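# Examination of the molecular architecture
One-letter residues, chain by chain:
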Amino acid sequence: MYGTIARMKLKPNAFEQLETQINSIEADLAAAGWMSTTVYRSDNDLNEAWLAVVFESKEAYHANAQSPEQAKRYEQMRALLETDPEWHDGEVVSTSSI
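Description of the structure in this document.

On to the pattern of salt bridges, then. Using the criterion set out here, one finds five salt bridges in the structure. Linking Glu16 and Arg41 is a salt bridge whose minimum nitrogen-to-oxygen distance equals 3.8 Å. Separated by 25 residues along the polypeptide, Glu16 in helix 1 (residues 15–30) and Arg41 in strand 2 (residues 34–41) bring together distant segments of the chain. The class of Glu16 is partly exposed, set by a relative accessible area of 44%. Across the pair Asp84 and Arg78 runs a salt bridge whose closest N-O atoms are separated by 2.6 Å. The exposure class of Asp84 is exposed, given its relative accessible area of 52%. Salt bridges here are not isolated pairs; linked through shared partners, they connect Arg7, Glu48 and Glu86.

Take a look at the structure:
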């Protein structure tokens, strides 16, 4: 598994729009090897969020990242942000759930 974590500073009142965008694209990503998306919202700053996305492989992650569809989705998300996201890519070495 492979993925990214992004730290994002949203424009005021943009969090709900971000949630709507993320929820609307998950069906498209499933066919591309997407496995999960988790969004965290900061307790200290309601305009700060972290996005964690996991794909089945590094290859699937990079294929999605380089696709024209993802470029369009990124531009839509970026319009909600104060600054560019801070990205941290890497191999998922452990995960668990209930």
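There's plenty left to go through after this.
Once that is clear, we can look at the layout of surface pockets. In this approach, a probe sized like a water molecule rolls over the atoms, and the result shows the empty space that is left. There is about 470 Å³ of room inside the largest pocket. Lining the largest pocket we find 22 residues, and of these Leu51, Asn64, Gln70, Met77 and Trp87 sit closest to its centre. Listing elements by their share of the lining of the largest pocket, those giving two or more residues are helix 1, strand 3 (48–55), helix 2 (58–65), helix 3 (68–78) and strand 4 (86–91). Grouping the amino acids of the lining of the largest pocket by side-chain chemistry returns twelve nonpolar, seven polar and three charged. In this structure, the second largest pocket spans a volume of roughly 300 Å³. Together, 17 residues line the second largest pocket, and Ser36, Ala52, Val53, Val54 and Val92 are the ones closest to its centre. Looking at the lining of the second largest pocket, the elements with two or more residues in it are strand 1 (2–9), strand 2, strand 3 and strand 4.

The rules behind these values
- Residues numbered from 1 in each chain as written.
- Predicted model: local features only at pLDDT ≥ 70, side-chain atom pairs only at ≥ 80, totals over all residues.
- Heavy atoms only, no water.
- Salt bridge = Lys/Arg side-chain N within 4 Å of Asp/Glu carboxyl O.
- Helix = DSSP H or I, 4+ residues; strand = E, 2+ residues; numbered from the N terminus.
- Buried < 20%, exposed > 50% of the residue type's maximum accessible area, 1.4 Å probe, protein only.
- 1 Å grid on protein atoms, 1.4 Å probe; cavity = no way out; pocket = protein on both sides within 12 Å on 5 of 7 lines; lining within 4 Å.
- Points joined across faces, edges and corners; volume = space filled by probe spheres on them.
- Nonpolar A, V, L, I, M, F, W, Y, C, P; charged D, E, K, R; others polar.

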